[in-house]
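Chain by chain, the residues run as shown.
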Amino acid sequence: MKYFRTSSFLLAVPVLVAAAFVYAKPVEDGDIWFHLAYARQMLQNHTLIIDHTAFSWTPSSGEEIYCVWVPELIFYGLYQALGVTSFFAMRYFCILFFLILAIIFAWKNGVLHNPLTWLLCLMGVLMSQSGLLIKPEMFSYLLMGVTVFLYFYLRHAEGNRWWLCYLFPAILLIWMNSHGGVIFGVTFLGILFAGEVLNGILPWGEPLRQPVRKHFLSALLLCAPVTLLTPYGWEYPYQLVLNFLLDNKEKVDDLMLQGPYQNIFHPMALWLHYIDYLIFSCIILGVLLWPKIREKRLDWAIVIANLVFGMLYARFIRCTYFWAVLFTFTAIHLMPGQPVLVRDAGGIFRKSFQAVVVSAIVFLSGRALYDSVNRPLFGFWINYVNPVEEAEVIRNNFSGWKLGNDYEMGSYLLWYLWPETKVFIDARYFPYKSWYREYMAFRSGKSVGAFLKKYPCDLWCRAYESPGLDYFVRSPEWKIVHYGPAACIFARKSLPVSGDLKKADVFKGRLTIYQAYRILNFCLEIDDIATAQKLIERIGQEYVLPQKKALSYQAHLEMGTVLVKHGMTKEAVDRFAVAMRIDPEKPEPYAGMGDAFRKMGEQDKAMKHYLKALSLKPDFPRALQNLAAVYSSKGRYEEALVSMKRLVEIQPGNPEHYYNMACIYSLQNNVDESVKSLRTAVEKGFKDRALLENDPDLRNTRRSPFYRELMESGKIRSGEELSAPTEQVSGKPSPAEI
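Residues numbered from 1 in each chain as written. Predicted model: local features only at pLDDT ≥ 70, side-chain atom pairs only at ≥ 80, totals over all residues. Heavy atoms only, no water.

S.K.: An account of the sheet that holds strand β2 (residues 459–463) is requested, with residue identities and associated values reported.
M.R.: With mixed pairing, the four strands of this open sheet are ordered in space as β1-β2-β4-β3. Every interior strand has two partners, whereas the edge strands, β1 (403–405) and β3 (478–483), have only one. Pairs of neighbouring strands in the sheet enclose a mean axial angle of 25 degrees, with direction left out of account. Of the pairings in the sheet, the one linking β2 to strand β4 (residues 487–492) comprises five bridges and is antiparallel in character. Among the inter-strand pairings, W460 is bridged to a residue of β4, identified as F490. (Pairing = 2+ DSSP bridges. Helix = DSSP H or I, 4+ residues; strand = E, 2+ residues; numbered from the N terminus. Axes fitted to C-alpha atoms, helices over the stretch in contact; angles between N-to-C directions.)

Here you go:
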């Protein structure tokens, strides 16, 4: 028995380690910053009523009630005392508090030393991630845990503990002033009340003991007037009902544009493994409920609550943590009723079951550790969605300018720049409902010019992954004045700006490979090769984890490709060599190396690398075409034709391939075959008259009757070119060289 208890406690280790790694996350989104701004406003104005319109210059509404003053003041106090570190400590406190409640309940229930208890704790930890973002949801998570624990504690408590029932109204009072998730807390309490009534009516019911039951129902009835005890009185619960329980299609449609309001089956949620946990949870609850069903003894409150919150878990990513808590305590509550889990039960089935449980703990905790260290957001820092350095640049150089910004970045800018500079939009959503969809269309890259004309700004702060970023890069009205680790800043060209801002060193602080890769792509887009070269050195090449290794490979490959285009062939060779070392089985670096040597005039080395690329990927169009160009430049026309014929088989609809074959045949003075290929090229859409008239490779073919008929037919008109011309196989440069 002592060995059994010691070994069971060892299972707490993977649970705690998994929790430590899973929640080693930065400040992921920007919500916490507008909450801090609200707390600052409350303290400055000596009121708990917030003015939502004070922080932005765009049209905004103050009608929405947002009652979260308790966590806002607590977060503000923690931040002023300990800085960002206090947020991470608060998150670990919440998860440890949940685990302590679960352990206490398991001990009271006599199942603390059962391996299944630790599996349940682990699953509860992993399923709670949406409730442990650094914002007021953490308080909903805490209060849901306390509420669920209290209910199950009352079901198991010995003696006359009826007075504990009156903690429910006290908990609800705090919750009403902490987070809008209280609507689900009220729903849970309502289900408990209805379920307990059913327990006293239905023959299968399992009601609470008297006098606890009487006080329990009375305490839940007292919760109704408690919902009015906020700075907003009856208006706040009325708004919650309108927003969450009644039909509000416009708001629902707007929220469905945001990731947290997708269901757990959405592709973006797959890496969180919520579907796996749902399946495991249903299996566990089914096994544990079966003895109760056979005995015809059910707590209808528990059954109904798990059905409702299980569906809520599946429907909204943001609400998954409610059922995580409820499932964990429900399963621990049911464990003593399952014979295979009783400590004195014997038999191979019980031992096999325990082996399966231990294996599940090892698998789930191991996967959680792997996912944690491999994700882009790992560690204790402020995520790039919060433009810390860029906000300082704006404050020091553009204070008071009319600022435009991305939705996610607005909250940090609001916190840091107000009141001197007001934001365009931020992550609150509700003040901007009247034009939110208009903004979302702009954000996706649609009607950018019209949107900017309607909402004119002096300055724009945009993330590197913003879809409409290229508009600002190419627009004659905007210029880049700064780009840092989180975002790039554009100013109107008509406004005076210091020329030194853009050169700010953005690489002093933390820069993950994921963000470095985004910035690298931006640098290559704006032809800032010097900064790109610094970034590529920062990215490096020594990575073990597959995702980071793949990004490093891609970064060096893309850098080499751009360097070739800029004529920096020696530097390009170095980049391709690094990409080869990272992944020697990929053909692209060899093809890139061939391009570099070809541009340097070293045709033999180019041919060697193209052949290597084709040995790894025989159907590689770029390598086939450029190899044909090398063969053609060396007068090896038959070998060039072999490559081109293979290329035509791979891409039969590309007219350029037939045109290039016509050139090779013309160089061989095989006019008949050249005419045949040229005719096919024209049939498939070739229309570049200037190239036909001036290409020296077609000198022999231009003497043919077909050529004269073609030029006189009107099928080929001046000024018409292929939409994406590529390298010609003769070896000379094309209009758009690869």
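S.K.: Can you break down the confidence of the model for the protein residue by residue, with the values?
M.R.: Parts of the prediction with low pLDDT should not have their coordinates interpreted in detail. Residues at a pLDDT of 70 or more form 91% of the protein, whose mean pLDDT is 90. Low pLDDT (under 50) marks residues 719–738, which in the prediction has 56 contacts with non-local residues, meaning those over four places away or in another chain. (pLDDT = per-residue confidence, 0-100. Contact = heavy atoms within 4.5 Å.)

S.K.: Pulling in residues and values, what's your account of the state of the cysteines?
M.R.: All chains considered together, the criterion is met by zero disulfides. No disulfide involves C67; its nearest neighbouring cysteine sulfur is the one of C223, lying 16 Å away. The class for C67 is buried, based on a relative accessible area of 2%. (Disulfide = S-S within 2.5 Å. Buried < 20%, exposed > 50% of the residue type's maximum accessible area, 1.4 Å probe, protein only.)

S.K.: I'd like to hear about the environment of K454, residue by residue, with values.
M.R.: Here K454 shows up in helix α20 (residues 448–454). A polar contact is formed between the side chain of K454 and the side chain of E438, at a distance of 3.1 Å. (Polar contact = N/O pair within 3.5 Å; in protein donor to acceptor, adjacent residues only side chain to side chain.)

S.K.: Would you mind going over the side chain of R155 in detail, with residue names and values included?
M.R.: Checked against the element boundaries, R155 lands in helix α7 (residues 137–156). Given the relative accessible area of 13%, R155 is considered buried. A polar contact of 3.1 Å, which involves the side chain of R155, links it to the side chain of Y151. Here E206 takes part through its backbone oxygen, which lies 2.4 Å from a polar atom of the side chain of R155. Here R155 is in contact with E196, N199, E206, P207, L208, R209, D299, I302 and H333, once residues within four sequence places are set aside.

S.K.: Provide a residue-level description of the pairing of β2, including the pertinent values.
M.R.: Where burial is concerned, most of β2 is hidden: five out of the five residues are buried. Taking every second residue as pointing to the same face, both faces of β2 are buried, with L459, C461 and A463 on one and W460 and R462 on the other. In this structure, β1 lies alongside β2, joined through three bridges in parallel fashion. Counterpart to L403 in the pairing with β2 is L459.

S.K.: Can you explain the layout of surface pockets? Please cite residues and give values.
M.R.: Where empty space is left becomes clear once a probe the size of a water molecule has been rolled over the atoms. In this structure, the second largest pocket encloses a volume near 290 Å³. If you go around the second largest pocket, you meet 15 residues; those closest to its centre are L119, I283, I284, V356 and V357. Going through the elements one at a time, α6 (115–126), α13 (274–295) and α16 (348–374) are the ones with two or more residues in the lining of the second largest pocket. Here the element with the most residues in the lining of the second largest pocket is α16; it accounts for six residues. (1 Å grid on protein atoms, 1.4 Å probe; cavity = no way out; pocket = protein on both sides within 12 Å on 5 of 7 lines; lining within 4 Å. Points joined across faces, edges and corners; volume = space filled by probe spheres on them.)

S.K.: Go over the environment of G560, please, and point to the residues and values.
M.R.: Of note, G560 is situated in helix α24 (residues 546–565). Note: C-alpha distance between G560 and F87 (473 residues apart in sequence) is 42 Å. With near-sequence residues (within four places) excluded, G560 lies in contact with A572, R575 and F576.

S.K.: Lay out the nonpolar core with the relevant residues and their values.
M.R.: Looking at soluble globular proteins, one finds that nonpolar side chains tend to be buried together. Membership of the largest hydrophobic core comes to 246 residues, with the highest contact counts inside it found for F216, F309, F329 and L692. When residues of this core are assigned to their parent elements, the largest contribution, 13 residues, is made by α7. (Core = buried A, V, L, I, M, F, W, Y, C linked by side-chain atoms within 4.5 Å.)

S.K.: If you had to explain helix α8 (residues 167–176) to someone new, which residues and values would you point to?
M.R.: All of the buried residues along α8 are F168, P169, I171, L172, W175 and M176. Viewed along the axis of α8, the buried residues span an arc of 160 degrees, placing them on a single side of the element. (Arc of directions from axis to C-beta.)

S.K.: Please give an account of unusual backbone geometry that cites residues and values.
M.R.: Of the consecutive residues Q210 and P211, the connecting peptide bond is found in the cis state with omega at 0 degrees. Tracing the backbone through its elements, the reader meets P211 in the loop between α9 (182–201) and α10 (212–226). The linkage connecting W418 with the following residue, P419, adopts the cis geometry, with an omega of 10 degrees. Along the chain, P419 falls in the loop between α18 (410–417) and α19 (436–443). In the Ramachandran plot, S447 falls in the positive-phi region, its phi being about 50 degrees despite a non-glycine side chain. Within the fold, S447 resides in the loop between α19 and α20.

S.K.: So, the environment of Y514: which residues are in play, and what are the values?
M.R.: Note on placement: Y514 falls in helix α22 (residues 513–525). Overall, Y514 belongs to the buried group, its relative accessible area being 11%. Each C-alpha atom of the pair Y514 and F88 lies 22 Å from the other, and the pair is 426 residues apart in sequence. Those residues within four positions of Y514 in sequence are excluded, and the remaining contacts are N374, R375, P376, Q547, K548 and L551.

S.K.: Quick one: what's the story with empty space enclosed by the protein, residue by residue and with numbers?
M.R.: For the coordinates displayed, the defined rule picks out four cavities of 30 Å³ or more. Along the walls of the largest cavity sit 13 residues, with V22, Q129, H273, A368 and D371 positioned nearest its centre. It is α16 that contributes the most residues to the lining of the largest cavity, five residues altogether.

S.K.: Explain the pattern of salt bridges to me, and be specific about the residues and the numbers.
M.R.: For the structure on display, the rule yields 30 salt bridges. The salt bridge partner of R318 is E137, with a shortest N-O separation of 2.3 Å. In this pair, R318 is assigned in the loop between α14 (300–315) and α15 (320–334) and E137 in helix α7, connecting sequence segments 181 residues apart. Given the relative accessible area of 22%, R318 is considered partly exposed. According to the relative accessible area criterion, E137 is buried, its value standing at 2%. Put simply, E196 and R155 hold a salt bridge, and the shortest N to O gap is 3.7 Å. Of this pair, E196 sits in helix α9 while R155 sits in helix α7, and the two are 41 residues apart along the sequence. In this structure, a network of salt bridges that share partners links the residues R155, E196, R213 and D299. (Salt bridge = Lys/Arg side-chain N within 4 Å of Asp/Glu carboxyl O.)

S.K.: Summarise the packing of α22 against α24; cite the residues concerned and give the values.
M.R.: Two elements in contact, α22 and α24, have axes separated by 10 Å at closest approach and are oriented at 15 degrees. Taken together, the axes of α22 and α24 are roughly parallel relative to one another. With respect to the hand of their crossing, α22 and α24 are arranged in left-handed fashion. Residues I513, Y514, Y517, L520, N521 and L524 of α22 form the contact with α24, whose own contacting residues are Q547, K548, L551, S552, Q554, A555, E558, M559 and V562. When its residues are assigned to classes, the contact of α22 with α24 shows nine nonpolar, four polar and two charged. (Parallel < 35°, antiparallel > 145°, perpendicular 65-115°, else oblique. Left-handed = near helix turned anticlockwise from the far one by under 90°. Nonpolar A, V, L, I, M, F, W, Y, C, P; charged D, E, K, R; others polar.)

S.K.: How would you summarise the packing of helix α17 (residues 388–397) against α18 if you had to cite specific residues and measurements?
M.R.: Closest axis-to-axis distance for the α17/α18 pair is 10 Å, and the angle between their directions is 45 degrees. On the basis of their axis angle, the class for α17 and α18 is oblique. Considering how the two elements wind past one another, α17 and α18 form a crossing that is right-handed. Judged by residue contacts, V388, A391, E392, I394 and R395 of α17 engage Y412, L413, Y416 and L417 from α18. When grouped by side-chain class, the residues that make up the contact of α17 with α18 number seven nonpolar, no polar and two charged.

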